[in-house]
Amino acid sequence: MKKTTDDILAKIGCKNTKSRKAVIEVLESAENSLSAEDIFLCIKEQGSSVNLSTVYRTLDLMESKSLVNKIIMGDGKARYELTVDGHRHHLVCTNCHKSVPIDFCPLEKMEKDIGKTNDFDITGHKLEIYGICPECKKE
């Protein structure tokens, strides 16, 4: 069953505001990770009014609550994706900056072993693998 924006915000203990709901809805419908500017423009195109600074604050809050994953691309631009269904890792094209999610976590066992060996309570990790995507290889 798909969670509603109300459910998602309640889960992380956040008040349901129009801007937070709009950001979640844009990220839910996105096929790829989006920059704050992309999210801002999508919200504007939908006829809603929101400030870019509000989008940034909303994304910062959601990142702190582990609701979004912030990905810094090769172009230095931050992009965001929802992590309602758990974290993801990515293949990132260094040419066109396309980001492709990896369907599994290759670090799960390693994380447990490292934590146990070092008596460390690991709270998370990120993995980005860089290369050239099939479309860019054709060029």
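Residues numbered from 1 in each chain as written. Predicted model: local features only at pLDDT ≥ 70, side-chain atom pairs only at ≥ 80, totals over all residues. Heavy atoms only, no water.

K.L.:
I'd like a description of the side chain of N69, backed by residues and values.
P.N.:
Considering the arrangement of structural elements, one finds N69 in strand β1 (residues 68-72). Ignoring sequence-local partners within four residues, the contact set of N69 consists of R79, Y80, E81, T83, R88, H90 and K126. (Helix = DSSP H or I, 4+ residues; strand = E, 2+ residues; numbered from the N terminus. Contact = heavy atoms within 4.5 Å.)

K.L.:
Lay out the UniProt feature "binding site: Zn(2+)" (unreviewed entry) in the protein chain with the relevant residues and their values.
P.N.:
Here, UniProt's "binding site: Zn(2+)" (unreviewed entry) annotation points to C93, C96, C133 and C136. Separation in sequence by 44 residues is not matched in space for these annotated residues, since their most distant C-alpha atoms are only 8.2 Å apart. Mapped onto the fold, C96 is located in the loop between β3 (89-93) and β4 (99-102). Residue class for C96 comes out partly exposed when judged on its relative accessible area of 39%. The contacts of C96, once residues within four sequence positions are left out, are C133 and C136. (UniProt positions renumbered as here; feature names shortened; annotations may be inferred. Buried < 20%, exposed > 50% of the residue type's maximum accessible area, 1.4 Å probe, protein only.)

K.L.:
Describe in detail the sheet that holds β4, supporting the description with residues and values.
P.N.:
Hydrogen bonds between backbone atoms are what pair the strands of a sheet, whose relative direction is either parallel or antiparallel. Sheet architecture is open: three strands sit in the order β4-β3-β5, paired in mixed fashion. The open sheet has two edge strands with one neighbour each: β4 and β5 (128-131). The mean inter-strand angle of the sheet, taken between neighbouring strand axes irrespective of direction, is 25 degrees. By the bridge criterion, four bridges tie β3 to β4 in an arrangement that is antiparallel. Following the sheet pairing, V92 is matched in β4 by S99. (Pairing = 2+ DSSP bridges. Axes fitted to C-alpha atoms, helices over the stretch in contact; angles between N-to-C directions.)

K.L.:
Which residues make up the pairing of β3, and what values do they have?
P.N.:
For β3, a buried count of four out of five residues is recorded, marking the element as mostly surrounded by other parts of the structure. Between the antiparallel neighbours β3 and β4 lie five residues, among them H97 with a positive phi of about 70 degrees. In this structure, β3 lies alongside β5, joined through four bridges in parallel fashion. Bridging from a neighbouring strand, C93 pairs with G131 of β5.

K.L.:
Describe in detail the UniProt feature "binding site: Fe cation" (unreviewed entry) in the protein chain, supporting the description with residues and values.
P.N.:
Under the feature "binding site: Fe cation" (unreviewed entry), the UniProt entry names H87, E108 and H125. Judged by relative accessible area, E108 falls into the partly exposed class, the value being 45%. Judged by relative accessible area, which is 24%, H125 ranks as partly exposed.

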